[in-house]
Amino acid sequence: MNKATVLLLAVIFLFTPVFSADSTLDTKVFTFIDHCFGYTEMLYQQKPQAEIEKTLDSLNAEADSISGAIISDLEKGDSSTYDQFVSFYNRPDIHECLEKRAPLNLIADRIIEFKKAGREQTGTLFPGYGYADSGYVYRKGEELSREVVNTFWKQIEETFEKSTRYYMMMEVSLTANFKSGTVKKVGSPVSMNVGGNIKEVVECEVTMKETIRTTCRVKYENDKVWFRLYRAAKYLGGLWIGDWEECGRTYEMKEEPTGLPVLENTTT
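Draft legend 1. Fine view of the nonpolar core. Phe 32, Ile 70, Phe 85, Ile 107 and Ile 111 are the most contacted members of the largest nonpolar core, which has 26 residues in total. For this core, the elements supplying multiple residues, two or more each, are α2 (24–44), α3 (49–75), α4 (80–89), α6 (98–119) and β6 (197–235). One finds Met 170, Val 202, Cys 204 and Val 206 within the second-largest nonpolar core, a separate group that totals five residues.

Encoded structure:
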């Protein structure tokens, strides 16, 4: 039994006391978590990037479907499915474990955005904090912590070009054989004895270009980076502001390389 299966069974066991056995929501969440573990296995196995992106799109669609059903109930005034989900999400053994919490965050983030948008739709959204109050200005402060959401390998193609200039005498008739821009006449044609034959030659500047194309794989990680959040009251329509005060924290998702590229192929 592989690690993903063991983790999945553990999560299913933990879900059992919360949702009833015949709950449609519980079945969809079980399936979603299973698919998330499958996605994690794909990352570890370094599956092709196109396959990984297709699976991620599918996971986002599943998260949209599950959260959409909960949101639909909320719009009808029915909070039962929302309450079930929140009760499970806030359990310490789930909330404090990244492997169990990460799949649920994909669903929870959509529900949170809906609920916050219902209260205030005009302010700037600071993830993890909420919408900005129109009476304040905000700024991010010091970085507090980082959470590694996932790691993956990205294929990167780069092109390097090098140009070298040479000066030489060239037969006038040969200058037409070069691509435009590679040969520039820098003098006037003259007659020259070349090997006993009289040739019409001209001094030229020749530009030679060398192109190297490389294919590399670079290991990346998606990080949720948390920052302190500060705000200051606006006065006279924002002409001046009050003292800055810490009001909470917010996060940004950052995709960053974790090491040097691994060269796989080159062409010239």
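Now that the structure is up, let's keep going.
Draft legend 2. Structural detail: the pattern of salt bridges. All chains considered together, the criterion is met by ten salt bridges. We note a salt bridge from Arg 146 to Asp 223, for which the minimum N-O separation is 3.4 Å. Within this pair, whereas Arg 146 is found in strand β3 (residues 136–171), its partner Asp 223 is found in strand β6, the two being separated by 77 residues in sequence. Judged by relative accessible area, Arg 146 falls into the partly exposed class, the value being 38%. Measuring nitrogen to oxygen at the nearest pair gives 3.0 Å for the salt bridge that ties Arg 146 to Glu 256. Residue Arg 146 is located in strand β3, and its partner Glu 256 is located in strand β8 (residues 245–257); the two are separated by 110 residues in the primary sequence. When its relative accessible area of 26% is taken as the criterion, Glu 256 is described as partly exposed. Each of Glu 143, Arg 146, Asp 223 and Glu 256 takes part in one network of salt bridges that share partners.

Draft legend 3. Seen up close, the packing of aromatic side chains. Counting across every chain of the model gives four aromatic pairs. With a centroid separation of 5.9 Å and an interplanar angle of 15°, the aromatic rings of Phe 152 and Tyr 220 are classed as stacked. Of this pair, Phe 152 sits in strand β3 while Tyr 220 sits in strand β6, and the two are 68 residues apart along the sequence. Classification of Phe 152 by relative accessible area gives buried; the value is 7%. Above the ring of Tyr 230, the side-chain terminus of Arg 139 is found at 4.7 Å from the ring centroid. Here Arg 139 stacks its cationic end above the ring of Trp 244, 4.8 Å away from the centre of that ring.

Draft legend 4. Main features of the environment of Glu 161. Here Glu 161 is to be found in strand β3. A relative accessible area of 61% means that Glu 161 is categorised as exposed. Considered as a pair, Glu 161 and Ile 212 are 51 residues apart in the sequence and their alpha carbons are 6.4 Å apart. If we skip the residues at most four places from it in the chain, Glu 161 touches Glu 210 and Thr 211.

Draft legend 5. Representation of the pairing of strand β5 (residues 190–194). Pairing of β5 with β6, which is carried by five bridges, proceeds in the antiparallel orientation. Bridge assignment links Ser 191 to a residue of β6, and that residue is Glu 200. If you look at the hairpin formed by β5 and β6, you'll find two residues sitting between the two strands, and Gly 195 has a positive phi there, around 65°.

Draft legend 6. Structural context of unusual backbone geometry. Here Gln 46, not a glycine, exhibits a phi torsion of approximately 55°, which is positive. Examined against the element boundaries, Gln 46 turns out to sit in the loop between α2 and α3.

Draft legend 7. Inspection of a nonpolar patch on the surface at higher detail. Judged by side-chain polarity, Tyr 166, Met 168, Leu 174, Phe 178 and Met 208 come together as a nonpolar surface patch covering roughly 440 Å² of accessible area. Relative to the elements of secondary structure, Phe 178 occurs in the loop between β3 and β4 (183–185). Classification of Phe 178 as partly exposed rests on a relative accessible area of 36%.

Draft legend 8. View of the side chain of Glu 205. By the secondary structure assignment, Glu 205 is in strand β6. Notably, Glu 205 is buried but unbridged: the nearest opposite-charge side chain belongs to Arg 165, and the N-O separation is 4.1 Å. A distance of 2.7 Å separates polar atoms of two side chains, one belonging to Glu 205 and the other to Tyr 167. Residues within four places of Glu 205 in sequence aside, it is in contact with Arg 165, Tyr 166, Tyr 167, Thr 182, Val 183, Lys 184 and Val 186.

Draft legend 9. Broad picture of α3. Look at α3: 38 Å from first C-alpha to last across 27 residues, which is about the 39 Å you get at 1.5 Å a residue. Restricting attention to buried positions, one finds in α3 the residues Gln 49, Ile 52, Thr 55, Leu 59, Glu 62, Ala 63, Ile 66, Ser 67, Ile 70, Ile 71, Asp 73 and Leu 74.

Draft legend 10. A look at the environment of Lys 199. Within the secondary structure, Lys 199 sits in strand β6. Setting aside chain neighbours within four positions, we find Lys 199 in contact with Glu 171, Val 190, Ser 191, Met 192 and Val 194.

Draft legend 11. The arrangement of the environment of Met 192 in detail. Note on placement: Met 192 falls in strand β5. When the C-alpha positions of Met 192 and Glu 171 are compared, they lie 9.6 Å apart, and in sequence the two are 21 residues distant. Apart from the residues within four sequence positions on either side, Met 192 is in contact with Met 169, Asn 197, Ile 198, Lys 199 and Val 201.

Conventions used here
Residues numbered from 1 in each chain as written. Predicted model: local features only at pLDDT ≥ 70, side-chain atom pairs only at ≥ 80, totals over all residues. Heavy atoms only, no water. Core = buried A, V, L, I, M, F, W, Y, C linked by side-chain atoms within 4.5 Å. Buried < 20%, exposed > 50% of the residue type's maximum accessible area, 1.4 Å probe, protein only. Helix = DSSP H or I, 4+ residues; strand = E, 2+ residues; numbered from the N terminus. Salt bridge = Lys/Arg side-chain N within 4 Å of Asp/Glu carboxyl O. Phe/Tyr/Trp six-rings, centres within 6.5 Å; stacked < 30°, edge-to-face > 60°. Lys NZ or Arg CZ within 6 Å of the ring centre and 35° of its normal. Contact = heavy atoms within 4.5 Å. Pairing = 2+ DSSP bridges. Patch = residues over 30% accessible without salt bridge, like charges linked within 9 Å, V, L, I, M, F, W, Y side chains within 5 Å. Areas by Shrake-Rupley, 256 points an atom, 1.4 Å probe, with all protein chains shown as cover. Lys, Arg positive; Asp, Glu negative; His and termini not counted. Polar contact = N/O pair within 3.5 Å; in protein donor to acceptor, adjacent residues only side chain to side chain. Expected span 1.5 Å × (residues − 1).

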